[in-house]
Amino acid sequence: MAVGMGLYLLLLLATVATNILSLYHLSSIRGLPTVATNSASPDVPDHLLHQLYAIRATISHLTRLRSNSSSTSASSRTAPPPELLVYARIAPFASACSDHPDLLHRYMNYTPYTACPHDDARGLAEALILRGCHPLPRRRCFSPTAPNPPTSLPSDAFAPLPDAAVLWPSSASCRSFSCLPASLGFDPKVESIRFLSAHSVLDISLTQLLSLARSSGSAPIRLGLDVGGGTGTLAAQLRRLANATLLTITLDLGAPYSEAAALRAVVPMHAPLQQRFPVQDGVLDLVRTGHAVNRWIPVPALEFLLYDADRVLRAGGMLWVDHFFCRGGDLDAVYAPIITRLGYRRIKWAVADKTDTRGLKNGEVYLTALLQKPLRFPLSLESRLLPTRSGSVEEKRW
C-alpha cells in the first residue's frame, strides 16, 4: 500500500513539474523579440497562413456583428446556418469563403430537401465565385428547371436560341434572347461569322489558326479550352470546321451565357479565373484567353493563369492571347516579360491602339499573340543532357 502511494505521489510531482516547465517555456517564447518570431514564419506555408487569417477575420467580423446588434434579425444573421456547419464537417471549401461571411451565410441558409432559395438576380453564387469563394459548398436542395429543355443536339449551332429553354429571372427586364444586346454574343447572325475572317492585324481567323498549327509542326487541334468564351462561339465554330472539342469557361454576369453555350451543345464551365483549370496536365492542343482576361486582373493572378494554361497544354500546343488590353507602358514593362518567361515560340505578336473612348483616355493597347509551347524534358532527364564542345547535346553516361 505504501509503495502504491509513493508511486502515486511521484507521478503527481512529475505532472506538476511538467506543467511548470511548459508554462515557463510558453512565457519565454512570448518574451522573445519580434525578429525571432518572424524568423520562424517561413516554416509555415503561405496558404495555411492565409486560411488562418481568413478564419480570424471571420470570427472578428461575427463577433462585432453580435456585439453591435441585439435585435433578433441580427442574431439570426450572424448565427452560422446549420447546413454550413454540417458541410464544413464533411468537406473543405475555399478559404476565401470565410472572407465574406454575410454572402456565404445567405447562400447556405436554406431548408434541406426543399426548393433552393431563389437567387433572382443570378448574383449570390457568382458574387461568391468572383471573390474567390470557389468551390462553393454543396447544398441539399432542389434547383429550379427551365420549362422546355432541348431534347436533342442542335443541327445548327447558330440558329435562334429558344427562350423557353432558359429559366429567366422574374425581376429581369429582359426575358428573351432577342432583347439582349448583340454585343454580348447572343445574336446568331453576328456570331455565325465570328472567327471566320480577319478584319485587322489583331484578328486570327480559324482558317489561319488551323493552317499555322499545321505549318508549325503541331498536331491537329482536337481538344482545347476557351477562357472567357462567352456564349461558346469559338467552340461551336471549331467543332464545325475541325471537329474539335473545346470547353468554355464562362460566367452568367447578368445574362444567360452558360445556358446559351449549352444550347449550342458546348460544355460551359462555371468557374472563376482564380481557379486551377480542372484539366489533366499536358492534354490540350489549344488554350485561348478572351476579353475576360485583361489588365483588370491582378498581375499575380494573371501569371498563375498563364502558367496553368502552360500546365494543361501539350508540347507543340498553342496559347492564343486574344485582344488582351492594358496601358501601353505596362505592356513592355509588365505583361510582355510575363509572357516571354514562358519560353514559347512566337508565331504571331501584334499590338495596336485600343481606339474606344476608355482606351484613348487611358492610353491602352491591344495585344494578340499566338504562341507555341516547346518540348520540355523532366528534370531527371534534363540532368542527363550535357552540351558538347560543338554546341550539340549528348546524353550524359553515368
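Each value, and the rule that gives it
- Residues numbered from 1 in each chain as written.
- Predicted model: local features only at pLDDT ≥ 70, side-chain atom pairs only at ≥ 80, totals over all residues.
- Heavy atoms only, no water.
- Pairing = 2+ DSSP bridges.
- Helix = DSSP H or I, 4+ residues; strand = E, 2+ residues; numbered from the N terminus.
- Buried < 20%, exposed > 50% of the residue type's maximum accessible area, 1.4 Å probe, protein only.
- Arc of directions from axis to C-beta.
- Contact = heavy atoms within 4.5 Å.
- Right-handed = clockwise from strand over helix to strand, strands pointing away.
- Disulfide = S-S within 2.5 Å.

Visitor: When you look at the sheet that holds strand β4 (residues 284–289) in this model, what are you seeing that I'm missing?
Guide: Note: strands within a sheet are paired through backbone hydrogen bonds, in either parallel or antiparallel orientation. Ordered in space as β3-β2-β1-β4-β5-β7-β6, the seven strands form an open sheet in which the pairing is mixed. Each of the sheet's edge strands pairs with one partner strand only, and the pair in question is β3 (268–269) and β6 (345–353). Where β6 lies against strand β7 (residues 364–372), eight bridges are found, and the strand directions are antiparallel. The partner of aspartate 353 across the bridge, within β7, is valine 365.

Visitor: It is not clear to me how helix α9 (residues 206–215) should be interpreted in this structure. Could you clarify?
Guide: Residues separated by three or four positions in an α-helix point in the same direction, a consequence of the helix having 3.6 residues per turn. Considered for burial, the residues of α9 that qualify are Leu206, Leu209, Leu210 and Ala213. Down the axis of α9, the smallest arc covering the buried residues is 95 degrees, so these residues share one side. Residues of α9 that are exposed and point more than 90 degrees away from the buried face comprise Thr207 and Ser215. Elements that come into contact with the buried residues of α9 comprise α10 (233–242), β4, β5 (313–327) and β7. Downstream of α9 by a residue or two, glycine 217 has a phi angle that is positive, lying close to 85 degrees.

Visitor: Help me understand the pairing of strand β1 (residues 223–227) in this model?
Guide: Side-chain positions along a regular strand alternate between the two faces of the sheet. Most of β1 sits out of view: four of its five residues are buried. By the bridge criterion, five bridges tie β1 to strand β2 (residues 245–249) in an arrangement that is parallel. Bridge pairing links leucine 223 to threonine 245 in β2. Note on the crossover from β1 through α10 to β2: the handedness is right-handed. When β1 meets β4, the two strands line up parallel, connected through four bridges. Residue pairing for β4: valine 227 is matched across the bridge by threonine 289.

Visitor: What is the right way to read unusual backbone geometry from this model?
Guide: Peptide bonds are trans in most cases, and residues, glycine excluded, mostly fall at negative phi. The peptide bond linking histidine 134 to proline 135 adopts the cis configuration, its omega dihedral lying at 10 degrees. In this fold, proline 135 is placed in the loop between α7 (124–130) and α8 (188–191). Not every positive phi belongs to a glycine, and asparagine 243 is a case in point at roughly 55 degrees. When you line up the elements, asparagine 243 lands in the loop between α10 and β2.

Visitor: For this particular structure, what's the right way to read the state of the cysteines?
Guide: Among covalent bonds in proteins, the disulfide is the one between the sulfur atoms of two cysteines. This model, assessed by the stated rule, comprises three disulfides. The partner cysteine of cysteine 97 in its disulfide is cysteine 133, sulfur to sulfur 1.9 Å. Measuring handedness by torsion sign, the sulfur bridge of cysteine 97 and cysteine 133 sits at about 90 degrees and is right-handed. Placement of the pair is cysteine 97 in the loop between α5 (82–90) and α6 (101–108) and cysteine 133 in the loop between α7 and α8, with a sequence separation of 36 residues. The exposure class assigned to cysteine 97 is buried, which follows from its relative accessible area of 0%. In this model cysteine 174 forms its disulfide with cysteine 179; the gap between the sulfur atoms is 1.6 Å. Judged by the torsion about the S-S bond (110 degrees), the cysteine 174/cysteine 179 disulfide is right-handed. Using a relative accessible area of 43% as the deciding quantity, one classes cysteine 179 as partly exposed.

Visitor: What's the story with the pairing of β2 in this structure? I'm lost.
Guide: Bridging between β2 and β3 involves two bridges; their strand directions are parallel. Bridge pairing in β3 places threonine 248 opposite proline 268. For the segment spanning β2, helix α11 (residues 257–263) and β3, crossover handedness is right-handed.

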